[in-house]
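Each chain, written out:
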Amino acid sequence: MIASWGKAFALAMMLVPAVTLANAPDRSIRPEARVVQPSYEPVRFLGGSSLRPQLRPDLVASRQDQQVQLSTSNRAFQRWIDQFKRRARGQGISQSTLDAAFQGVSYNTDVISRDRNQAEFTKTIWQYLETAVSQTRIRNGREALRKHARVLDQIEARYGVDKEVVVAVWGLESAYGSFRGDTPIIEALATLAFDGRRGAFFEEQLIAALKIIQNGDTDARNMTGSWAGAMGHTQFIPTSYLAYAVDFRGDGKRDIWSEDPTDALASTAAYLANFGWQKDRPWGVEVKLPRGFNYAQANRRTKKSPAQWGRLGVVGLDGKPVPNYGQASILLPAGAQGAAFMIFKNFEVIERYNSADAYVIGVGHLSDRLKGRPAIQASWPTDDRALTRAERRELQERLTRAGFSTQGVDGRIGPNTISAIRAFQRSKGLVPDGYASLELLQQLR
Ligand SMILES: [Ca+2]
């Protein structure tokens, strides 16, 4: 989800389940945002696939071996729960909370197989946006704005976060509440904590989930969500819930699980407000770059006022300098061949929810469409496709061998790889946009 796991999960709201490319638009819980990294920041893959170890040998063995493995796991799991309960009591969870929460909990093989089988193939930004900001999602979002107009206005007034942005998050996280997840959270988190891959993270989430139950906001039976622990209409993970969820009506419960989305939407607004949302300011605007633009400046670390960018020839689609919405950088999510955006402080605020560029653009653009603003105007390089993980590794190996070191081969297109790509592009007289395209890989072959 974010550059480093510690920071990532401390700040992020949620985990993203793998969603396969075969999903029809708008039926996914949320569109897969693990887009091939096109921009100028570390890749911040949602599901952490970049840090994912290979399938364990014991789970790629024959079916029979798997069954043996799983029954062993369940016995070991029950022993782990006993030890975990001692640790939980040390953190203030009562015996009665633990007894109630762990009633009927067993090793959940479905959670593990989902955790292990995240997609190798990723989407390009335009494929992602086709689903994330589809006509259906726009239409349903406008309907949600109408249906919940009163409470959304109240939430906007209290937290100063544009209601269309709150609704856009809702639309991407759960298709406006349609897919909130029905996996029992305690069982899922306990299974993931026991499993050990990112075990410390999931144990922290499990403790947080137990605190939520102990506080009386909900009970274990109602505490459901995604297989990876994200809960409710806007998919809060337990630690984010404890830190940021709100009880909007003051009925004593922060209820993000119920059919009524009020607390979940208010919690989302509170979260975005906490990280400095600037009301009525854009996340970003589509811009035109001048001929001869210095692509090395399309970099998250390079910030200028819209007027300064205007003097360099970077203007809005109307040909005029962009209004002064504050310091901005230029983002090219598909390299020099696709749309260009001037992005502002609110881009960074949405990143606190989920820091994949594609997700932020998806939320931002969906919110624009809900405000009646136009579609993205530029065309995308649709002949291109996203590199697979194997191809990203190959790209790094070949760049490094050609004398453009990527400082390691991990299949993640982070700042070192982007710098190496730019250096290679410059050496070949190509546009140094740092974009990891298939064409670039073919040139290296
Ligand atoms: Ca409430």
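Our subject is the structure that appears above.
All of these numbers come straight from a predicted model, not from anything done at the bench. (Residues numbered from 1 in each chain as written. Predicted model: local features only at pLDDT ≥ 70, side-chain atom pairs only at ≥ 80, totals over all residues. Heavy atoms only, no water.)

A. Fine view of the coordination of the calcium ion. Every protein donor of the calcium ion is listed here as Asp247 (OD), Asp251 (OD), Lys253 (O) and Asp263 (OD), and their distances to the metal cover 2.3 to 2.5 Å. Spacing between the donor residues of the calcium ion along their common chain follows D-x3-D-x1-K-x9-D. (Donors = N, O, S within 2.8 Å, 3.2 Å for Na, K, Ca; no water.)

B. Summary view of the packing of aromatic side chains. Counting across every chain of the model gives 23 aromatic pairs. Centre to centre, the rings of Phe236 and Tyr271 are 6.4 Å apart; their planes meet at 70 degrees, and the pair counts as edge-to-face. Taken together, the residues span a long stretch of sequence, with Phe236 in the loop between strand S2 (224-225) and helix H11 (238-244) and Tyr271 in helix H12 (residues 262-274) at a distance of 35 residues. The pair Phe236 / Tyr271 is uniform in exposure class, with both members buried. Here the aromatic rings of Tyr271 and Phe275 are separated by 4.9 Å at their centres, their planes lie at 65 degrees, and the arrangement is edge-to-face. By relative accessible area, Phe275 is classed as buried at 15%. Taken together, the ring pairs connect Phe77, Trp80, Phe84, Phe102, Tyr107 and Phe194 into an aromatic cluster. One residue, Lys304, lies across the ring of Trp309, its end atom 5.5 Å from the ring centre. (Phe/Tyr/Trp six-rings, centres within 6.5 Å; stacked < 30°, edge-to-face > 60°. Helix = DSSP H or I, 4+ residues; strand = E, 2+ residues; numbered from the N terminus. Buried < 20%, exposed > 50% of the residue type's maximum accessible area, 1.4 Å probe, protein only. Lys NZ or Arg CZ within 6 Å of the ring centre and 35° of its normal.)

C. Expanded view of the pattern of salt bridges. Under the counting rule described, the total for this entry stands at 17 salt bridges. Where Arg146 meets Glu143, a salt bridge forms, and the shortest distance between an N and an O atom there is 3.0 Å. Of this pair, Arg146 and Glu143 both sit in helix H6 (residues 135-147), 3 residues apart, which is roughly one turn of that helix. Note on Glu143: relative accessible area 41%, which makes it partly exposed. In this structure, the salt-bridge partner of Arg373 is Asp368, at a minimum N-O distance of 3.4 Å. By relative accessible area, which is 40% here, Arg373 ends up partly exposed. (Salt bridge = Lys/Arg side-chain N within 4 Å of Asp/Glu carboxyl O.)

D. Looking closely at the nonpolar core. Ranked by internal contacts, the top residues of the largest apolar core, which has 94 residues, are Phe102 and Ile186. The dominant element in this core, judged by the number of residues it contributes, is helix H10 (residues 199-215), at 8 residues. Every residue in contact with Ile186, bar those within four places of it in the chain, is listed here: Ala101, Phe102, Val105, Leu206, Ala209, Leu210, Ile213 and Met223. (Core = buried A, V, L, I, M, F, W, Y, C linked by side-chain atoms within 4.5 Å. Contact = heavy atoms within 4.5 Å.)

E. Expanded view of the pairing of strand S3 (residues 284-288). Bridge count for S3 against strand S7 (residues 340-343) is 4 bridges, and the pairing is antiparallel. Paired with Gly284 across the strands is Ile343, a residue of S7. Pairing analysis gives 2 bridges linking S3 to strand S4 (residues 315-316), with the strands arranged antiparallel. Opposite Lys288, over in S4, you have Val315 as the bridge partner. (Pairing = 2+ DSSP bridges.)

F. Looking closely at the environment of Trp380. By the secondary structure assignment, Trp380 is in the loop between helix H15 (357-370) and helix H16 (389-401). Residue Trp380 is classed as buried on the basis of its relative accessible area, which comes to 16%. Distance from Trp380 to Gly338, taken between C-alpha atoms, is 4.5 Å for residues 42 residues apart in sequence.

G. Structural context of the environment of Leu152. Secondary-structure assignment places Leu152 in helix H7 (residues 149-159). Since its relative accessible area comes to 1%, Leu152 is described here as buried. Between the C-alpha atom of Leu152 and that of Leu265, which follows or precedes it by 113 residues, the distance is 7.9 Å. Filtering out sequence-adjacent residues up to four positions away, Leu152 remains in contact with Ala144, Leu145, Lys163, Val167 and Leu265.

H. Representation of the sheet that holds S3. Spatial ordering of the open sheet is given by S4-S3-S7-S5, a layout of 4 strands whose pairing is antiparallel. Two strands lie at the open edges of the sheet, namely S4 and strand S5 (329-331), each paired on one side alone. Note that S5 and S7 share 3 bridges and pair antiparallel. Note on S7: the bridge partner recorded for Ile330 is Met342.

I. Structural view of the packing of H6 against H15. Direction vectors running N to C along H6 and H15 enclose 60 degrees, while the axes themselves pass 9 Å from each other. The orientation of H6 with respect to H15, classified from their angle, is oblique. H6 and H15 meet at a crossing whose hand is right-handed. Touching Gln135, Arg137, Ile138, Gly141, Arg142 and Leu145 of H6 are Leu366, Arg369 and Leu370, all from H15. Grouping the amino acids of the contact of H6 with H15 by side-chain chemistry returns 4 nonpolar, 2 polar and 3 charged. (Axes fitted to C-alpha atoms, helices over the stretch in contact; angles between N-to-C directions. Parallel < 35°, antiparallel > 145°, perpendicular 65-115°, else oblique. Left-handed = near helix turned anticlockwise from the far one by under 90°. Nonpolar A, V, L, I, M, F, W, Y, C, P; charged D, E, K, R; others polar.)

J. The packing of helix H5 (residues 125-132) against H15, seen in detail. Following both chains from N to C, one finds H5 and H15 inclined at 40 degrees, their axes separated by 10 Å at the closest point. If you check the angle between H5 and H15, you find them oblique. Seen along the crossing, H5 lies across H15 with a hand that is right-handed. In contact with Ile125, Tyr128, Leu129 and Ala132 of H5, H15 contributes Ala358, Tyr359, Ile361, Gly362 and Leu366. By residue class, the composition of the contact of H5 with H15 is 8 nonpolar, 1 polar and no charged.

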